[in-house]
Each structure stands twice: as structure tokens, then as C-alpha cells.
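Chain residues, written in single-letter form:
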There are 2 protein chains.
Amino acid sequence: MQIKIDRNSRTPMYIQIRNQIRAMIFDGRLRPGSLLPPERKLAESLGVNRSTVLTAYRELKADGLVDSHVGRGTMVLSAMSEVSESYGEFDPPLYNQFFSQLSERANDPLLRDLLVVANRKDIISFSAGISAIETDPVEALKGIEEEIVSQPNHEALKHTPTEGFWSLREAIADLMHKRGIGVTPDEILVLSGSQQGIDIAARVFIDPGDVVIVEEPSFFSALQIFSAVGARIIGVPVDDQGMRVDVLEQLLQRYRPKLIYTMPTYQNPSGVSMSLERRRRLLELAYRRKALVIEDDPYSEISFEGARKPYLKELDTYGYVIYLSTFSKILFPGIRIGWMAAPKPIIHQFTMIRQLQDLHANSISQWIVERFLRSGRYDAHVQRIREEYRIRRDIMLDALLEDPVPGLEWIKPTGGYYLWCKLPEGTPNMSLMVNAADRGVSYVPGTAFYLGGKGGQYMRLNYTYPSREDIPKGIERLKEAITATLKRPPHKYPGEEKSIKPIV
Amino acid sequence: MQIKIDRNSRTPMYIQIRNQIRAMIFDGRLRPGSLLPPERKLAESLGVNRSTVLTAYRELKADGLVDSHVGRGTMVLSAMSEVSESYGEFDPPLYNQFFSQLSERANDPLLRDLLVVANRKDIISFSAGISAIETDPVEALKGIEEEIVSQPNHEALKHTPTEGFWSLREAIADLMHKRGIGVTPDEILVLSGSQQGIDIAARVFIDPGDVVIVEEPSFFSALQIFSAVGARIIGVPVDDQGMRVDVLEQLLQRYRPKLIYTMPTYQNPSGVSMSLERRRRLLELAYRRKALVIEDDPYSEISFEGARKPYLKELDTYGYVIYLSTFSKILFPGIRIGWMAAPKPIIHQFTMIRQLQDLHANSISQWIVERFLRSGRYDAHVQRIREEYRIRRDIMLDALLEDPVPGLEWIKPTGGYYLWCKLPEGTPNMSLMVNAADRGVSYVPGTAFYLGGKGGQYMRLNYTYPSREDIPKGIERLKEAITATLKRPPHKYPGEEKSIKPIV
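Residues numbered from 1 in each chain as written. Chains lettered and ligands numbered in written order. Predicted model: local features only at pLDDT ≥ 70, side-chain atom pairs only at ≥ 80, totals over all residues. Heavy atoms only, no water.

## A short note on the overall build of chain A
The line we're drawing: The way it works is that DSSP assigns letters per residue, a run of H or I at least four long becomes a helix, a run of E at least two long becomes a strand, and they are numbered from the N terminus. It is over C-alpha atoms that the radius of gyration is taken, and the globule rule equals 2.2 Å times the number of residues to the power 0.38. Accessible area is worked out with a 1.4 Å probe on protein chains only. A residue is then buried under 20% of its type maximum, exposed over 50%, and partly exposed in between. Contacts between residues were defined by any pair of non-hydrogen atoms, one from each residue, lying within 4.5 Å. Method for areas: the Shrake-Rupley scheme with a 1.4 Å probe, in which residue coverage is limited to the protein chains shown. His is not counted, nor are the chain ends, whereas Lys and Arg count as positive and Asp and Glu as negative. Here the site of a charge means atom NZ of a Lys, CZ of an Arg, CG of an Asp or CD of a Glu.
Scanning chain A from terminus to terminus reveals 17 helices and 16 strands. Its C-alpha atoms give chain A a radius of gyration of 29 Å, clearly above 23 Å, the size a compact globule of 504 residues would have. Every one of the 504 residues in chain A was classed for burial, and the buried ones make up 60%. Here the analysis covers contacts within chain A between residues at least 6 apart in sequence; of these, 72% occur between residues at least 24 apart. Just so you have it, chain A exposes about 20,300 Å², and 51% of that area is on carbon and sulfur atoms. In chain A, 64 side chains carry a positive charge and 63 a negative one; their mean positions are 2 Å apart.

## Details of the interface of chain B and chain A
Note the cut-off: Buried surface area refers to the total accessible area, computed with a probe of radius 1.4 Å, that the two partners give up upon joining, counted for both partners together. When a carboxyl oxygen of Asp or Glu lies within 4 Å of a side-chain nitrogen of Lys or Arg, that pair is called a salt bridge. For this analysis, a polar contact is any N or O atom pair within 3.5 Å, provided that within protein one partner can donate a hydrogen and the other can accept it, and provided that sequence-adjacent residues contribute only side-chain to side-chain pairs. Here the term charged refers only to Asp, Glu, Lys and Arg, the term nonpolar to Ala, Val, Leu, Ile, Met, Phe, Trp, Tyr, Cys and Pro, and the term polar to all other amino acids, Gly among them.
Between chain B and chain A, the residue contacts involve 131 residues of the former and 130 residues of the latter. For the pairing of chain B and chain A, the buried interface totals around 11,600 Å² over both sides, and the portion due to carbon and sulfur atoms is 58%. If you look at where chain B meets chain A, you find 10 salt bridges. Here E314 of chain B ties to R22 of chain A by a salt bridge, and the two come within 2.4 Å at their closest N and O atoms. At the boundary of chain B with chain A, the tally comes to 54 residue pairs in polar contact (both at pLDDT 80 or more). Residue composition of the side of chain B that touches chain A, grouped by class: 58 nonpolar, 37 polar and 36 charged.

## Considerations on the domain arrangement of chain A
Interfaces are often described in size by the accessible area the parts lose on coming together. Residues and elements named next belong to chain A. This is how it is decided: Residue ranges labeled as domains rest on an automatic or database domain assignment.
For chain A, the domain assignment lists domain 1 (13-81), domain 2 (102-132 + 380-487) and domain 3 (138-376). The interface is formed by 33 residues belonging to domain 2 together with 32 residues belonging to domain 3. Carbon and sulfur atoms make up 61% of the area that domain 2 and domain 3 hide from each other, which totals about 3,000 Å². Area buried by domain 2 at its contact with domain 3 is led by R386, F449 and L451, which between them contribute 19% of it. Summed over the shared surface of domain 2 and domain 3, the number is four salt bridges.

## Let's talk about the sheet that holds strand β5 (residues 211-216) of chain B
Residue and element names in this part refer to chain B. Our working rule: The criterion for strand pairing is that DSSP finds at least two bridges linking the strands in question.
On the basis of which strands lie adjacent, the open sheet formed by eight strands has the order β4-β11-β10-β9-β8-β5-β6-β7 and mixed pairing. Either end of the sheet is taken by a strand with one partner, and the two such strands are β4 (188-191) and β7 (242-243). Relative to strand β10 (residues 321-326), strand β9 (residues 292-296) is paired through four bridges, and the arrangement is parallel. Its bridge partner being in β10, E295 is matched across the sheet by Y323.

## Section: the relation of the copies chain B and chain A
Going by this rule: Copies overlap after least-squares fitting; the atoms used are the C-alpha atoms of residues with pLDDT of at least 70 in both.
Rotating chain B by 180 degrees about the axis while translating it 0.0 Å along that axis superimposes it on chain A, leaving an RMSD of 0.0 Å. Considering both components of the superposition, the chain copies are consistent with a two-fold axis. Among all residues of chain B, the one whose C-alpha sits closest to the rotation axis is E145 of chain B, at a distance of 3.3 Å. Most of the interface of chain B is mirrored in chain A, where 99% of its interface residues are also at the interface.

## Comments concerning the nonpolar core
Using the following cut-off: Only buried residues count toward a nonpolar core. Its members are Ala, Val, Leu, Ile, Met, Phe, Trp, Tyr and Cys residues joined through side-chain atoms within 4.5 Å.
Grouped together as the largest cluster of nonpolar side chains are 304 residues, with contacts concentrated most on F205 and F226 of chain A together with F205 and F226 of chain B. Setting aside chain neighbours within four positions, we find F205 of chain B in contact with F98, F99 and S100 of chain A together with D210, K258, L259, L292, I322, I346 and F350 of chain B.

## Side note on the confidence of the model for chain A
What counts is decided by this rule: pLDDT is defined as a per-residue confidence score from the predictor, taking values between 0 and 100.
The share of residues in chain A with pLDDT of 70 or more is 92%, and the mean pLDDT across the chain is 90. This complex was scored by the predictor with a pTM of 0.91 and an ipTM of 0.91.

## A word on the pattern of salt bridges
One pass over the structure, following the stated rule, counts 72 salt bridges over all chains. Of the charged contacts, one joins E170 of chain B and R10 of chain A as a salt bridge, the two residues approaching to 3.2 Å between their closest N and O atoms. Highlighted residues: E170 of chain B in helix α7 (residues 166-178) and R10 of chain A in the segment before α1 (13-26), drawn from two different chains. Each of R10 of chain A together with E170, D174, E370 and R374 of chain B takes part in a single network of salt bridges with overlapping partners.

## Some words on the packing of α1 of chain A against helix α3 (residues 50-62) of chain A
All names here are of chain A. What counts is decided by this rule: Angles run from 0 to 180 degrees between N-to-C directions of axes, and those axes are lines fitted to C-alpha atoms, restricted for helices to the stretch in contact. Put simply, angles under 35 degrees are roughly parallel, angles over 145 are roughly antiparallel, angles from 65 to 115 are roughly perpendicular, and the rest are oblique. Throughout, a crossing is termed right-handed when the near helix is turned clockwise from the far one, and left-handed when it is turned anticlockwise from it by less than a right angle.
It is at 8 Å that the axes of α1 and α3 come closest, and there the two elements cross at 45 degrees. The angle between α1 and α3 falls in the class oblique. Where α1 crosses over α3, the two elements pack in a sense that is right-handed. On α3, the residues that touch M13, Y14, I17, R18, I21 and R22 of α1 are T52, V53, T55, A56, Y57, E59 and L60. Residues that form the contact of α1 with α3 fall into these classes: eight nonpolar, two polar and three charged.

## With respect to unusual backbone geometry
Here E216 of chain A and P217 of chain A are connected by a cis peptide whose omega angle stands at 5 degrees. Structurally, the position occupied by P217 of chain A is in the loop between β5 (211-216) and α9 (220-228). Between N268 of chain B and P269 of chain B the backbone carries a cis peptide bond, its omega angle lying at 15 degrees. By secondary structure assignment, the location of P269 of chain B is in the loop between β8 (259-262) and α11 (276-289). Even without glycine at this site, H154 of chain B takes up a positive phi of about 50 degrees. Inspection of the secondary structure assignment puts H154 of chain B in the loop between α6 (144-150) and α7. Taking relative accessible area as the criterion, H154 of chain B reaches 9% and is therefore assigned buried. The residue K290 of chain B is not glycine, and still its phi comes out positive at about 55 degrees. In this fold, K290 of chain B is placed in the loop between α11 and β9.

## Quick word on the sheet that holds strand β6 (residues 232-239) of chain A
All names here are of chain A. Taken together, the eight strands give an open sheet; going across it, the order is β4-β11-β10-β9-β8-β5-β6-β7, and neighbouring strands pair in mixed fashion. Both outer strands of the open sheet, β4 (188-191) and β7 (242-243), are each paired with one neighbouring strand and no more. For β5 and strand β8 (residues 259-262), the ladder comprises three bridges, and the chain directions are parallel. Looking across to β8, one finds that V212 is bridged to L259.

## A look at the packing of aromatic side chains
Selection criterion: Aromatic pairing here means that ring centres of Phe, Tyr or Trp (its six-membered ring) are within 6.5 Å. Orientation follows from the plane angle: under 30 degrees is stacked, over 60 is edge-to-face, and everything else is tilted.
In total, this model carries 36 aromatic pairs over all chains according to the counting rule given. For the pair F327 of chain B and W339 of chain B, a centre-to-centre distance of 4.8 Å together with 40 degrees between the ring planes defines the contact as tilted. Pair noted here: F327 of chain B is in the loop between β10 and β11 (338-341) and W339 of chain B is in strand β11, with a separation of 12 residues, a long-range link. Looking at W339 of chain B, the relative accessible area reads 0%, which means it is buried. Cluster of aromatic residues (ring-pair linked, three or more members): F90 of chain A together with Y287, Y318 and Y320 of chain B.

Printed below as a string of C-alpha cells:
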């Protein structure tokens, strides 16, 4: 009997022994009626304590695989070894052949790489898109342990309805009223993060070939999600007033979109807010052409100056707008609680699909959020992070303006998480990524926010996650990286990058 | 200016006033340059405090919608009212026309209704499928608040990688070794409940028309999920030794399934475990016909007597088995943490799709589970619930045997959560549901576990959630309901239920 012990393994030795004997019994190497080596002998040959082997044998016995009799040793039982002939030889599967069309459309590794980069500790990250650690409202956790345990039915640990705890839906409806949007709690669906709302929308509405309008640039994951379900995605450019609704109007002569996906306030990645005029015009077009509008709103509360524009959902009198928002950018990203506000027939259909995905958002997070909203500390917390993020934005702007890189341009955001920069003409964006990482700074390249490889001349910088001290250091590194990248352009003939190579 | 105050609303009155004035500004009823009524006058006409109106006006001013000058009153600004002509009249959308084929396939309200029934407090629920409140391991929460706050980077509140916290993946790999399955942490994907794994599998593998083999009966949500993505679902009957692998073999002459979905151990709903011989034979068929196997394993740790059969994943030498399990049935259902163990190429593809769905499982739950696994209290907890659930099973069996209903039959489960009962011949199952609910007891009708309306002669009873005291009471009510239903059968001609009516 061949048993191998790995002394460096995390797996206890008795489990290693037990599992290998199990395998021999199940694949027929150990036949019913055959004897295991005496414990002492096996212990000696493996160089382990006798008690280790004893424990392994005891577990095999408890599993009904062996029996031991004084004087006869430990014998493999026939009951569990009904079949012991080994069958033929087979090949491992070629996994790719099993994957669906959706799988194939979803194979973009970029976001995954970004998450990994964001976890590196030696780098100043302008790529993360998450809140500051320093402003985490840890007071939201105060007393949770005691309260959870003292709930008579442990509500925070049990299932909730698919739509979410009723009391959380009420608290969110109250928050919506404060934002100027009149909805009832049954028009609220609690989500495991607002991105889940985009994914469910894609499943609820989109058959392959259906048209979805997006902004260009747009939220990375939204592009990925709509691509994965096989939508035909049509981009509408964004300028400093938001989506170019005049371009949209032209496109609507040709296309009949089911959905218009927009982030009208402090857009990710551009930072711009859509003007009131365009908001109204967008709705009018949606009404006229019968397209539903997804208003994705993670950032509107992070406003620094100027008046906040009205929400599309606030302006919508006919029930075309599906509003998504989240606590990830205000409370904690890891808490995975967002919500949707929409007319009841939409809530119903989303609930049907959502039930298949994950049943409901995790109950503890729902309960922590509800508790925090009711505590009345939410407003003060929002005020605090607005202040802090405005300061960080200004530090970043100051650092960019000091000894500026010629040709580097940006839009000053009046809210939200991001600074959208245009690189100097001709900066090779892949080289810059590498040069920046070498110098210990990361950002998200503009290509992440476009389909089809466009956007290489842009980069997105986040100013909420890096500390006040790190922002100037990171910008310094970034400026060095840009300068270095421009000094040593890749050896290419002029115009080569833009020309199309014949595929042979 | 027409403003209506609802004094019974949860929305504060100043927000009601503010929101109505906003709406009038945005839709053009209040033109730029027009004056709002003086605060005192509006307060009087509405019968509210002057300070209420003051607060509303102050917020309108902060939003940049109005401005006030001493002596001139409060005036609507033009800046935010760029467009104030109202556009034409439109209709609300007919939402159904927007729904995808997937939406239409997913419109089964049964699970939703079950969740709602399970929340009713006046009923003894045998339908819930959840753990006992009395055995909740609330010790898992001890000290969490302090520990979360003291983490330097608040790991429990921030994003985790899509695959899950590395330390949790390690702890789960250790647990898998204890179960006899040798996997490395990078072969583990942490899920928001194991059902998410079924849903992702459906998206990763299934194009409409692809064949999926399921057991008959099978897990309700799995049937729903595979239906929704348009799979062709082929059922294989289950007997007291589990899936009828001989029937499967015949079906494989005709069909080329991509997936075989099975719950081999303490199956939901039948409670049976597949014999070792059939497990090996199932794998051989999968190897031979190149079908991947999903081994769904929520219940194997809840074993009452007899030896636990080896896992398919344990027996699988070629990498065809995708193993799913969960902490919902062991710790807390609301914590929404499950996992998948599979070959790395499968983990990778699942991660790509999962990232689109919800980014990652919520961090606090991941961290609570990891902490509990490492505490070493997991085994003792499992032992405790095994004991308790065995007792509750026995109480249920005793209650059924006492003064038994003629014709009511069941399989005695040796583990898991459920007792699967066959109703007396000819029991009209919809009437029974209603009669049982009238008497204050609920169960899941067998039809939930079959496609196409089959299974009406079965019901699934859960014995883990109802208390020891409630189980005999509930069974008493159920027996009364069955007897009453059989006494007053619906007025029908014999055989009518089975005949097919012409559709005219």
C-alpha cells in the first residue's frame, strides 16, 4: 500500500492518510476483505505517530469503509465497495468546447486585472474607484453584534424577501424623497450592489441583437454586461454638458433601442453632468421612441459645488426611467447593497430574475444599512465625505497644475469620484501603463470605457481612495511616466499606428 | 400655486413642499423670474409652521433653483430653468413588450409565493427549508464589531477579489480536505450562496436548446434557472438509491447533454442518497459521453446515521465534476455564502461571468465565515445541529406514525432537511394546499420539483425549521387537512382530472 505524506501541507497528516486509503477503496486498489497494515507498522513506515494512523483508521471505520476485530486487524468492508473494478481510461475534458456564446462574449480580462492591481500594496492607486478608508463610517457597526443576537428571530441572519427587508425599502424610499424623487417602498428593489441592477436589466430586457444606447465613454461593467447578453451597443458621445442628445436624436432615426443607459450626474468616467435641457430632451426622445431609460446614479450625493441637476427619475412623468443607486460609494464597497427604483411591473420582473441569481441581498448588510439610515447619521456622513473628497480633488488639480505636462488636459469635476484626462497627442497608452506601474502609480486607461479599442488618448484618475499625502506623490510619478513615455516613443514609422495591417 | 400636504405621509412636510415646487419649476408651471408666495402666506394657506416653508425655500435656494432678495421675495432663477416649455402628451409604456425571451421563460411565481408564505408568523411551516433559529451559531458573531474596526484597511468592508478572500478560499479548501476532496484554494470560488453557482453555470455553459439532465424530482430553483436560459431539460427518475443511472444510460443514446445536474447526497426534495455503484456508473457515463457533472451538495454534513457516501468530486479522476456547497444550511441562510470547487479553467470562466453579476460576495459575510471556520468551532456546531435535526426528524416520523393516514407514504431520510411524502391515491393537491393553510400548516407541493405539472401526488416536509413542539402540532393539522380533503373530493367525474380538455 503506497501512501505519501506531505509534511508541508496545510492538510493534517491523518486526513492525508485517510483520504488516500479512501481513494484506494473507491477505485478498487483495495478490494473488499483485504487487510490494512497494522497501525504500528504503517506509522513506522511513514515516520508518523501511531495516534495519527489510529485517527485515520477510526474515521475510515466511522465512514463504514473498514471494520476492525481484535486479533484480525482492520479489514476493508464489502458494503461500501459494491463496485471495485476500475473502468477504462478517459481523457480530461476540453473545457472550452462547453462554453456558451455568452461566455465567449464575456471574455474580457481587463476588469479582473484592475481589481488585482488595486489590491497591490506598493502602488499609489488612482484606479480603484472606491471610497477613502479614513472616512469609513465605522460607527454604522456600533452595537451590531449585540443587536443581531438579541433579535428574537435573528432577522439579520435569516432569509429576507427577494425584494429586500421591508423596513430597508421604506428607509430607501425616504432617502429618495430627500433626493426629490417620490416613490413608494414597493417601487424599491434592494440589490447586491447597483451593478447587479444593470445585469438583471440586461437579462430582463435584452435578446441578442436588441439595441442599447450608451454614452461614449461609459461605465466599463455596463458595456461588458450588455455585450455579454448579445446586445447591439450604440454609443453617443459625451461633451461637457453630458450625452450629446442631438446625436442621439439622429441615431434614433435609424435604430429602435429598447434601452438607453446613462449616468447623467458626475458620470463615470468623464465626471460631467448632463444639463437640464438635455435631460428633458432625452426624456422626450425616450417617450417619443418608446425606449426605457436606465439612470445609473452612484455619485450624485458626492457634490462639491454648484446646484445638483434634477434626476431623470424626478423629471419622468410617464414611467420610462429605471433608477439605480448604491451605498458602495457612500458607505462601504464591500457591503454590496444597492437599489433600483422603478414602476411596479418592472420591479416584479426584476424580482423574478433576481430570485434565480442570488435569492436576495445578504441580510446582515441590509440590516446594517437600514440601521444606519434610521440612525440619522447618514446626512452628516455624506457631508463629511463631500468635504474630504473636494479637498482631495483640489489636491489632485493643484498637483497637475504645478509644473504641468504640456498637452495634458482635463475636465474639472464638480462632483463624483473621477478626473478624466486627455493625454498629450500621440502618447502610446500601453507603454504609459507600463511606465506608470514601474514608477508605482496606477490609473484606468480610457480604452476601458469604450468598445472596440477606442479611448486610448484618455485616462481616468480617482481621487477619493488615495490619501491626501499620496495624491501629489502619485501625480508626480504619473507626470514622470508621461514625460518618459513621450521621450522614448516606440520605434515606428509615422502614421503606422493608425494604418490597418493586412491580415495574411 | 397649488401645493398639497399629506399629513399622514412618512415624508417630512418641508420635503413635500420642496419637491412640489421643484416639479413646477422643472415642468414649466413656474417660469424663470416668477415669484414664490411669501413664506408667511404659504405657511398660513397650508396650515403649517413658517419654519417648515422656510426650510423648503432654503433647500430650493441651495439647489440653485430660486434666489431671494430682501424686499423682493423669492424668485425662480432662469439658470436651472433653461427649458421650461412643456412638451407633448405621451403614454406610459406597455412594459411587457420590453421583456426578453428569458424574462418570459422565468415567469413562474411559485418560489416567490413560497418565500412569502414562509414569512407568515401564524403558520407552522414545513415549507421553509431553513435552519432552526434555536441552533443559530450566534457565537460566530462574537467580537466582530471590534475586529472589523481594528483592521487597518477595514478588509471586511472593502472589495474582495471576485473569487473571494484568499484566506476564506484557504479555509474552504481545508474543509474540503476534511470531506475527503483534495482541492487547492485556487480551485475554490466563493459564491453569494450556492444557487448562484447554478445560475452562473447556466450562463457559462448553456445556449438555448442545449440539453441538461436533471433528476426527477429535483431542486426547484435549478429547474427554473435551466428553463430560463432556454435549456432542453431531460429528467431522470429517482428511486431509493438515487438517480436511475440505467435510465440515464438509455437517454444518453438519444441526447448529448452538456451538463448533468445532480444532488447525490440527501437530495432535495426526496432525501435519498445515490448508491456508490450508481455514483461510479454516473461518472463513467459522463466520461464516456463527455458531459460535465454539477454535484450540488448543500446537505451532506447533516447526516444522521449510516456511512456517508463518497462525493462525486472525490471519485472524479478526470476533472468532469463541478462541486457546489453552501453555508446557508449550516450557519445562517441570510449570510449568502456558498462556494464552488472545480478545475481552474472552469473557475476562471465562472469568475468572468460572476464579475458582471455582483462583483463578489459581500465582504462582511465572507469574513464572518472565514473567522468561524478558523475558530475551530465549526465541527462542534455541525455535531450539534446533526443531533438536533435527527431528533426533529424522529419527532416528525413518530407523529406521522401515530394514528396514521391510510395511504400516506414516505421515505425515511438518513440525513438532510426533508421528508418526501406520497399522498393517498387521488388526493387533489391544490385543495390540500388550501385546506392545510386554513388549518395553519404549510408544505411545498411536489409539483414544485418537477417540470410540466407532474408531482402532484407528493409533498415535501421540512423538519429542521419548526420547533420540537410545533412539529407534532403541524403534523396533526396536516393529517386533518388530508382527511378533510379526501372526504370532500371536488365534484368531478372519475378520470376527469387525467383527461385532456379540447381548447376551443
